[in-house]
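Single-letter residue listing:
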Amino acid sequence: MSKLTEKIAAFIERHPTLYRIIFTLENAVKKPLFDCRECGQCILSSTALICPMRCPKELRDGPCGGTLPNGRCEVDPNMDCVWYLIYKRADKLDRLPLLDTVQKPYDNRLRGTSAWINLMAGRIEGVKLRARPKKRSSAQTGTSPLAAAETSDQKSSSAAPGARS
Amino acid sequence: MENARSDACGVSHLERVLSSGHFAVCGEIGPPRGADPSEVLRKCEYFRGVVDAVNLTDNQAAVARMSSMAASLLTMQAGLEPIMQMTCRDRNRLAQQSDMLGAAALGIRNILCLSGDHVTLGNHPQAKSVHDLDAVNLTAMMRGLREGHFLSGDEVKTPPELFIGATANPFGEPFLARVHNLKKKVASGAQFIQTQVVFDVPRFEKWMQACRDEGLTEQTYILAGIAPVRSASTLKFMRNNVAGVHIAEEYIQRMSAASSKEDAMDEGVRIAVETIQRVRDIPGVAGVHIMPVMWESVIRRVVEGAGLLPRPDVLESPPAEARSASELTP
Ligand code: SF4
């Protein structure tokens with residue numbers, strides 16, 4: 001972010017009450033909408049607006065090997081695997097290419113802080129507005145995995161009646 | 001492998017076997033739930049001369065056991081090459097790096113990075129589940145160590161020589177995530193991949209096809225997971241209790257059809273051998289990783305049955321320039 005936003009962020013951080021007001025505002029938006037877990041290093045824009053920190057393993061780079069065939073979580077079969085939901089939503093929003101970005105290791109110092117202010121301060125990466133254009137030729141990216149994903153997704157969505165979208 | 005090289009090079013025996021174009025065979029030993037080294041040594045006897053390297057699991061199924069590093073060292077003492085597994089469940093990035101340096105100092109060269117079963121599935125569900133890094137970041141961190149820097153960026157004085165592996169589950173949902181996941185791991189430095197057990201060859205084939213389309217089989221060695229089972233009930237147990245395992249109905253029926261215990265065991269071996277032969281025909285499959293479920297003694301029968309004996313004898317010490325040549329950079 002720019003020098004100006006960094007200055008604004010520094011100002012806010014010097015004023016705890018102001019910080020709290022902004023953070024409360026952020027939470028008021030992000031909690032009900034995205035079930036945000038206040039990780040402070042927000043990657044919602046590249047996870048189809050579903051917070052991956054709901055995953056019991058807090059995986060930010062995709063699902064573990066244990067997702068159940070019906071798309072539920074291996075740890076708690078009563079909940080959907082968040083990565084299952086992310087892939088389904090990303091497919092709908094046409095943002096699948098964003099999901100093969102390797103995420104930075106999580107900075108634990110940011111837990112419980114405001115991602116908006118961290119973004120202004122330049123501590124975390126910006127918002128990804130568009131799925132990045134495909135770089136490789138279609139022969140290499142292969143339409144088949146995408147097509148395969150669609151078919152397997154359609155099949156499994158009917159197999160997971162409880163799946164929220 | 002299509003890109004097989006005739007000259008063996010690499011930092012470990014496993015890497016040399018793979019880089020010289022041989023079809024690799026790995027085994028797996030679960031360290032004991034006690035301090036008796038002879039249990040590891042006894043199991044090693046089944047694997048010696050039958051596999052190229054053997055995995056030592058890291059508190060598998062989130063159950064506390066002898067450490068993977070210690071068991072790896074015992075394995076080396078028994079004359080076998082270990083693949084040390086390291087999960088993200090029990091260690092943060094500091095512990096992971098220090099354990100890796102320690103393991104390398106002891107002579108361990110193969111490392112397998114995985115996320116690990118969640119603590120709530122094991123025998124200490126009250127434990128703090130760490131998951132500081134995920135398996136992708138862990139893989140990248142290991143590559144960093146080999147290249148001479150810690151995750152922090154600080155220099156590693158003597159970088160460890162490592163052959164870095166990761167896992168993949170071709171059978172989990174959603175399918176595309178399974179391909180992306182591998183892509184990320186390969187981009188982060190995974191030189192070999194061990195997959196979840198294959199009990200559904202068509203689905204595995206489809207996943208391999210997607211991997212080939214992404215060019216992944218050119219950048220990493222994929223070893224298919226094989227599990228010889230001794231009874232229909234073991235198979236059913238796996239289907240119902242082991243996360244991420246997918247078993248086609250056909251195999252359960254075949255195992256259930258056996259008339260006696262011995263018959264079932266024979267059928268288990270037949271299925272394993274047959275699966276090895278089928279995956280071997282799939283382009284891009286570089287080897288197999290055989291995980292006998294509580295049945296280590298069967299390993300020779302399976303490997304022999306699949307026509308994979310004797311195991312290749314590759315150079316003991318690689319030429320000096322081998323290391324850089326062996327690094328499969330994406
Ligand atoms: S199944 Fe999905 S939500 Fe559950 S631990 Fe694995 S990745 Fe996380």
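Procedures and definitions
- Residues numbered from 1 in each chain as written.
- Chains lettered and ligands numbered in written order.
- Predicted model: local features only at pLDDT ≥ 70, side-chain atom pairs only at ≥ 80, totals over all residues.
- Heavy atoms only, no water.
- Pairing = 2+ DSSP bridges.
- Helix = DSSP H or I, 4+ residues; strand = E, 2+ residues; numbered from the N terminus.
- Axes fitted to C-alpha atoms, helices over the stretch in contact; angles between N-to-C directions.
- Contact = heavy atoms within 4.5 Å.
- Expected span 1.5 Å × (residues − 1).
- Buried < 20%, exposed > 50% of the residue type's maximum accessible area, 1.4 Å probe, protein only.
- Polar contact = N/O pair within 3.5 Å; in protein donor to acceptor, adjacent residues only side chain to side chain.
- Near = heavy atom within 4 Å.
- Nonpolar A, V, L, I, M, F, W, Y, C, P; charged D, E, K, R; others polar.
- Core = buried A, V, L, I, M, F, W, Y, C linked by side-chain atoms within 4.5 Å.
- Right-handed = clockwise from strand over helix to strand, strands pointing away.
- Buried area = accessible area lost by both parts, 1.4 Å probe.
- Salt bridge = Lys/Arg side-chain N within 4 Å of Asp/Glu carboxyl O.
- Parallel < 35°, antiparallel > 145°, perpendicular 65-115°, else oblique.
- Left-handed = near helix turned anticlockwise from the far one by under 90°.
- Phe/Tyr/Trp six-rings, centres within 6.5 Å; stacked < 30°, edge-to-face > 60°.
- Lys NZ or Arg CZ within 6 Å of the ring centre and 35° of its normal.

## Here we look at the sheet that holds strand 2 (residues 53–56) of chain B
All names here are of chain B.
Line of reasoning, step 1. A barrel is described by the order of its strands in space; here 8 strands give the closed sequence 1-2-3-4-5-6-7-8, paired in parallel fashion. Neighbour to neighbour, the strand axes of the sheet diverge by 30 degrees on average, direction disregarded.
Line of reasoning, step 2. Note: strand 3 (residues 82–87) against strand 4 (residues 110–114), 5 bridges, orientation parallel. Bridge pairing links Q85 to L112 in strand 4.
Line of reasoning, step 3. Where helix 3 (residues 68–77) meets the sheet, it contacts strand 2 and strand 3, and its direction lies at approximately 180 degrees from that of strand 3.

## Examining helix 7 (residues 201–213) of chain B
Residue and element names in this part refer to chain B.
Line of reasoning, step 1. An ideal rise of 1.5 Å per residue puts 18 Å on 13 residues; helix 7 measures up with 18 Å between its terminal C-alpha atoms.
Line of reasoning, step 2. Buried within helix 7 we find V201, R203, F204, W207, M208, A210 and C211.
Line of reasoning, step 3. Two or three places before R203, at the start of helix 7, stands the capping residue D200, its side-chain oxygen 3.3 Å from that residue's backbone nitrogen.
Line of reasoning, step 4. Immediately beyond the C-terminal end of helix 7, within one or two residues, lies G215, with a positive phi of roughly 75 degrees.

## Structural notes on the site of the ligand
Line of reasoning, step 1. C55, P56, K57, L59, P63, C64, T67, C73, E74, V75, C81 and V82 of chain A make up every residue found near the ligand.
Line of reasoning, step 2. Considering only residue class, the shell around the ligand consists of 9 nonpolar, 1 polar and 2 charged.

## A short note on the nonpolar core
All names here are of chain B.
Line of reasoning, step 1. Grouped together as the largest cluster of nonpolar side chains are 67 residues, with contacts concentrated most on L182, F199, F204, W207, I276, V288 and I290.
Line of reasoning, step 2. Ranked by residues supplied to this core, first place goes to helix 10 (residues 261–280) with 7 residues.
Line of reasoning, step 3. When neighbours within four sequence positions are excluded, V288 is seen to be in contact with F23, A24, V25, C26, L223, A224, I226, I276, V279 and L308.

## A word on the pairing of strand 1 (residues 24–29) of chain B
Residues and elements named next belong to chain B.
Line of reasoning, step 1. Counting buried positions over the 6 residues of strand 1 gives 6, a clear majority of the element.
Line of reasoning, step 2. Covered by surrounding structure in strand 1 are A24, C26 and E28 together with V25, G27 and I29, the residues of both alternating faces.
Line of reasoning, step 3. Where strand 1 and strand 2 come together, 4 bridges link them in parallel fashion. Bridging across to strand 2, E28 finds its partner in N55.
Line of reasoning, step 4. With helix 2 (residues 37–47) bridging strand 1 and its parallel neighbour strand 2, the resulting β-α-β unit is right-handed.

## Focus: the interface of chain A and chain B
Line of reasoning, step 1. At the interface, 41 residues of chain A touch 33 residues of chain B.
Line of reasoning, step 2. Between chain A and chain B the total buried area reaches about 3,000 Å² when both faces are included, carbon and sulfur atoms providing 54% of it.
Line of reasoning, step 3. Of all residues in chain A, K57, D61 and Y87 of chain A bury the most surface against chain B, accounting for 17% of the area lost on that side.
Line of reasoning, step 4. Between chain A and chain B we count 2 salt bridges in total.
Line of reasoning, step 5. Across the contact surface, chain A and chain B share 12 residue pairs in polar contact (both at pLDDT 80 or more).
Line of reasoning, step 6. A total of 8 residues in the side of chain A that touches chain B trace back to one element, the largest contributor, which is helix 6 (residues 143–159) of chain A.

## With respect to the pattern of salt bridges
Line of reasoning, step 1. Evaluated as defined, the whole model comprises 26 salt bridges over all chains.
Line of reasoning, step 2. Between E125 of chain A and K104 of chain A there is a salt bridge, and its shortest N-O distance comes to 2.8 Å. In this pair, E125 of chain A sits in the loop between helix 4 (115–120) and helix 5 (138–141) while K104 of chain A sits in the loop between helix 3 (82–92) and helix 4, placing the two residues 21 residues apart along the sequence.
Line of reasoning, step 3. The partner of K43 of chain B in a salt bridge is E296 of chain B, and the shortest N-O contact between them spans 3.5 Å. Of this pair, K43 of chain B sits in helix 2 while E296 of chain B sits in the loop between strand 8 (285–290) and helix 11 (299–305), and the two are 253 residues apart along the sequence.

## Section: the packing of helix 2 of chain B against helix 3 of chain B
Residues and elements named next belong to chain B.
Line of reasoning, step 1. Orientation of helix 2 relative to helix 3, taken along the N-to-C sense of each, is 50 degrees, at an axis distance of 9 Å. Accordingly, the angle class assigned to the pair helix 2 and helix 3 is oblique. As for the relative orientation of helix 2 and helix 3, their crossing is right-handed in sense. Between helix 2 and helix 3, the residues in contact are P37, V40, L41 and C44 and A71, L74 and T75, respectively.
Line of reasoning, step 2. Taken together, the residues of the contact of helix 2 with helix 3 sort by class into 6 nonpolar, 1 polar and no charged.

## Structural notes on the pairing of strand 6 (residues 192–197) of chain B
Residues and elements named next belong to chain B.
Line of reasoning, step 1. Taking burial as the measure, the 6 residues of strand 6 include 6 buried ones, the bulk of the element.
Line of reasoning, step 2. The sheet contact formed by strand 5 (residues 163–168) and strand 6 spans 4 bridges and is parallel. Paired with A166 across the strands is I193, a residue of strand 6.
Line of reasoning, step 3. One crossover worth recording links strand 5 to the parallel strand 6 by way of helix 6 (residues 175–187), and it is right-handed.
Line of reasoning, step 4. Across 4 bridges, strand 6 lies against strand 7 (residues 221–226) in parallel orientation. Each residue of the ladder has a partner; that of V197, found in strand 7, is G225.
Line of reasoning, step 5. As a crossover connection, the stretch from strand 6 through helix 7 into strand 7 is right-handed.

## As for the packing of aromatic side chains
Line of reasoning, step 1. Overall, the coordinates contain 5 aromatic pairs over all chains when judged by the stated rule.
Line of reasoning, step 2. Note on Y19 of chain A and F23 of chain A: the rings are 6.1 Å apart at their centroids and 70 degrees apart in plane angle, and the pair reads as edge-to-face. You can see Y19 of chain A and its partner F23 of chain A sitting in helix 2 (residues 16–34), 4 residues apart, about one turn around the helix.
Line of reasoning, step 3. Residue classification places F23 of chain A among the buried positions, given a relative accessible area of 11%.
Line of reasoning, step 4. In this structure, K206 of chain B is placed above the aromatic ring of F175 of chain B, and the distance from its NZ or CZ to the ring centre is 4.5 Å.
Line of reasoning, step 5. Directly above the aromatic system of F23 of chain B lies the positively charged group of R280 of chain B, at a separation of 4.8 Å from the ring centroid.

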